[in-house]
Amino acid sequence: MELSFYKYQGTGNDFVMIDDRDSNFDEKNLDLVRSLCDRKFGIGADGLILIRNHPDFDFEMIYFNADGSQSMCGNGARCAVAFSAFLGIIQIKTSFLAIDGPHEAILKDGLVELLMGNVSGITEKGDEYFVNTGSPHHIRFVDQIKNYPVFEEGKSVRYDQGYSPAGTNVNFLEENSPNEVFVRTYERGVENETLSCGTGVTAAALVFGTQKNINHVKIKTLGGNLSVKFKQNDQGQFQDIWLIGPAEQVFSGKISV
Ligand SMILES: N[C@@H](CCC[C@H](N)C(=O)O)C(=O)O
């Protein structure tokens, strides 16, 4: 059988996208997800996304990491919005469902603005932090980030007993300026550093923005630039969190499965 697919990337976080409005893709077939994401034997991607119909939303995004596990994906959601516009499902604004609940998004100035779920707060872990932005994220500030051993240190925190059994994504941050931070992320489910992680840079922006007392943070990643805007209430909860950045189609094709 031949499967039609599209390949998207959002600041270098790359995804196999499948128009599954007919619900033909067997989402229990994790071997198929893994083989499609394989960079040697398949299409190659950090994750795979199914776009499905939903009675109450413009569409439903079903996201898988490259290893077949599931969580919320910020860059993947921005790509899903761009893909849904390409398919003609949406125009400028959308309301869609993801694993962590409903989201809104706007296509504006060639970028995708994604409304993230509310965040209950930041947990301090010594001089490091934990934030759940739909996916779990550990945050560590480092010096000389471009030379930092992200794979080794990220893997060590990801498998730390304190995060067992679910594990966590791990983000390393360095301040570039009072309103800009460089972020590198080790991603659970990819089990490697990715060029960018949307839920990760959102977590990073909430920590950095709180420290600097600002509510608009610019982010640089190895894969490009993003920004995050948010509001914080007196109880330390975050709302109106917008992740903003590019999402582009790279190629499309058919693969035998
Ligand atoms: N790349 C994603 C995050 C995907 C989920 C993560 N790997 C996890 O399993 O928690 C993003 O852009 O948010």
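- An unreviewed UniProt entry lists the protein chain under the name Diaminopimelate epimerase, with Algoriphagus boseongensis given as the organism.
- Among the UniProt annotations of the protein chain, the heading Subcellular location (unreviewed entry) holds the following wording: "Cytoplasm".
- Listed under Sequence similarities (unreviewed entry) in UniProt, the entry text for the protein chain is "Belongs to the diaminopimelate epimerase family."

### Here we look at unusual backbone geometry
- A cis amide bond links Ser 164 with the next residue in sequence, Pro 165, at an omega value of 0 degrees.
- Positionally, Pro 165 belongs in the loop between helix H3 (150-158) and strand S11 (169-177).
- Positive phi values are uncommon outside glycine, yet Thr 11 reaches one of about 45 degrees.
- Looking at the secondary structure, you find Thr 11 in the loop between strand S1 (2-10) and strand S2 (13-19).
- We classify Thr 11 as buried; it has 25 C-beta atoms within 10 Å.

### So, the domain arrangement of the protein chain
- Here the protein chain is described as being made up of domain 1 (2-115 + 247-256) and domain 2 (123-245).
- Between the C-alpha centres of domain 1 and domain 2 there is a distance of 22 Å.
- The element contributing the most residues to the side of domain 1 that touches domain 2 is strand S7 (residues 111-115), with five residues.
- A breakdown of the residues in the side of domain 1 that touches domain 2 according to their chemical character gives eight nonpolar, nine polar and five charged.

### Quick notes on the UniProt feature "active site" (unreviewed entry) in the protein chain
- Mapped onto this numbering, the UniProt entry gives "active site" (unreviewed entry) at Cys 73 and Cys 197. Sequence-wise these annotated residues cover 125 residues; spatially they are packed, their C-alpha atoms never more than 7.7 Å apart.
- Take Cys 73: it is sitting in the loop between strand S4 (57-65) and helix H2 (74-86).
- Residue class for Cys 73 comes out buried when judged on the 30 C-beta atoms lying within 10 Å of it.
- What Cys 73 contacts, discounting residues up to four positions off in sequence, is Gly 47, Tyr 63, Gly 198 and Thr 199.
- By secondary structure assignment, the location of Cys 197 is in the loop between strand S13 (192-194) and helix H4 (198-212).
- Overall, the presence of 35 C-beta atoms within 10 Å leaves Cys 197 in the buried class.
- Those residues in contact with Cys 197 that lie beyond four places of it in its chain are Asn 13, Asn 75, Asn 169, Thr 185 and Glu 187.

Thresholds, definitions, all that
- Residues numbered from 1 in each chain as written.
- Predicted model: local features only at pLDDT ≥ 70, side-chain atom pairs only at ≥ 80, totals over all residues.
- UniProt positions renumbered as here; feature names shortened; annotations may be inferred.
- Helix = DSSP H or I, 4+ residues; strand = E, 2+ residues; numbered from the N terminus.
- Buried ≥ 20, exposed ≤ 12 C-beta atoms within 10 Å, placed from the backbone.
- Domains from an automatic or database assignment.
- Nonpolar A, V, L, I, M, F, W, Y, C, P; charged D, E, K, R; others polar.
- Contact = placed C-beta atoms within 7 Å.

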